[in-house]
Amino acid sequence: MCTYVTVTRPVEGSGKGANGWFPVTDASVYVDHPTHAPYAHTVNIDFLNPAAGPGARVAVELTEESALALVEAIQAALAAAPAGIASRDQRV
Amino acid sequence: MGQDGEYDVRDAIQAGTVWITGAAGDEIEAYLAHPLGSKQHGGVVVIHHMPGYDEPTKEITRRLATYGFAAICPNLYSREAPGASPDDAAATVRAAGGVPDERLVEDVAGAAAYLRGLPGSNGKVGVIGYCSGGRQAFLAACRLPLDAAVDCYGAFVVGEPPAGFPLRVRPLLDEAPSLRCPLLGMFGADDQYPSPEQVAELDRELTRLGKPHEFHTYEGAGHAFFAVDRPSYRPQAATDGWRRIREFFDRHLSA
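Now for a quick tour of the structure. (Residues numbered from 1 in each chain as written. Chains lettered and ligands numbered in written order. Predicted model: local features only at pLDDT ≥ 70, side-chain atom pairs only at ≥ 80, totals over all residues.)

### So, the sheet that holds strand β3 (residues 42–48) of chain A
Move 1: Read across the sheet, 4 strands follow the order β1-β2-β3-β4 (chain A) without closing on themselves; strand pairing throughout is antiparallel. Every interior strand has two partners, whereas the edge strands, β1 (7–17) and β4 (57–62) of chain A, have only one. Averaged over all pairs of adjacent strands, the angle between strand axes in this sheet comes to 25 degrees, irrespective of strand direction.
Move 2: Pairing analysis gives 9 bridges linking β1 of chain A to strand β2 (residues 20–32) of chain A, with the strands arranged antiparallel. Paired with G15 of chain A across the strands is F22 of chain A, a residue of β2 of chain A.
Move 3: Seen against the sheet, helix α2 (residues 86–95) of chain B touches β1, β2, β3 and β4 of chain A and runs at an angle of roughly 75 degrees to β2 of chain A. (Pairing = 2+ DSSP bridges. Helix = DSSP H or I, 4+ residues; strand = E, 2+ residues; numbered from the N terminus. Axes fitted to C-alpha atoms, helices over the stretch in contact; angles between N-to-C directions. Contact = placed C-beta atoms within 7 Å.)

Structural data, given as structure tokens:
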């Protein structure tokens, strides 16, 4: 099936795409057909910078289990670090 | 002996990128494949699936040319992502909310006009679409003067999208009274988008309206069973489906 469903969020940070590093401004998450992963459906995550064009994209296509493991890993890594250390309002 | 003494024109084709005028007068990229030789031919507009204007879709376009039709696949993502790779273009358009229906219809109209203007055109043009393009093929057949339409597992012709749906798609059943040409529908029994119940509902409505249509639902097949590069590919369903598509277009698009 094509779910059409796309969840988008504004994000801040950087990603490394085919043409090197670029500022990431948007993330899309959708459960749909992958381009490359050998499954009918995957959780697809795109880190994008629409202002820099379609090529400014870091893409992953993960199984459901992998996507949930990634969520857990992000939470575990953040929990293990001092709160706010990676915040946009962090002290440098 | 064929053109230039090189090819037998009975099966020779030519294919490549052209530029056509789409919605709002925009010049958009399209992939054209057409038979060589002087025989008159019908045309087919190919509407690509949501993953975009990709190699397998171009292969479908060439295949239709080998069947004796001029076939053209407009890049529906031309405007947002000119020159981008198909997957990047699809991601860009998806993040931006998808292709608006009104623009799609006018892009198909532009592609159909291009086909009718080709030397050798017999003036007849059909449309075929896959996945989201199946829905769009149905929409185009309701809004445009076309001669035949093929909907390959298009979701949301029948059935409301789930609540909170971020893309701008709506069901099209209310447009069915405007359907202007015969419709061939190809579906998988294991698909849920569209589900067999939704396919049956569309079938009933078209029958009630007296609209010529022919639906085939393949057991053991789900969504995207024509997609040769994906695990959903089902060779038996796809082979039989292609035979029916060819017969259908032969019947309705021949001079």
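Read on, since the account is not over.
### Side note on the nonpolar core
Move 1: With 87 residues, the main nonpolar core has V45, I72, V127 and A141 of chain B as its most contacted residues.
Move 2: With near-sequence residues (within four places) excluded, V127 of chain B lies in contact with V44, V45, I47, V108, A137, A140, A141, L146 and A149 of chain B. (Core = buried A, V, L, I, M, F, W, Y, C linked by C-beta atoms within 7 Å. Buried ≥ 20, exposed ≤ 12 C-beta atoms within 10 Å, placed from the backbone.)

### Some words on the interface of chain A and chain B
Move 1: Contacts between the two partners involve 21 residues from chain A, matched on the other side by 27 residues from chain B.
Move 2: Ranked by residue count, the leading element in the side of chain A that touches chain B is β2 of chain A, at 3 residues.
Move 3: Its residues placed into classes, the side of chain A that touches chain B shows 12 nonpolar, 6 polar and 3 charged. (Nonpolar A, V, L, I, M, F, W, Y, C, P; charged D, E, K, R; others polar.)

### Focus on helix α5 (residues 196–208) of chain B
Residues and elements named next belong to chain B.
Move 1: Helix length check: α5, at 13 residues, gives a terminal C-alpha distance of 18 Å against a target of 18 Å (1.5 Å per residue), a fit within 8%.
Move 2: Where the residues of α5 are buried, they touch β7 (183–188) and β8 (213–218).
Move 3: Phi turns positive one or two residues past the end of α5, at G210, with a value near 70 degrees. (Expected span 1.5 Å × (residues − 1).)

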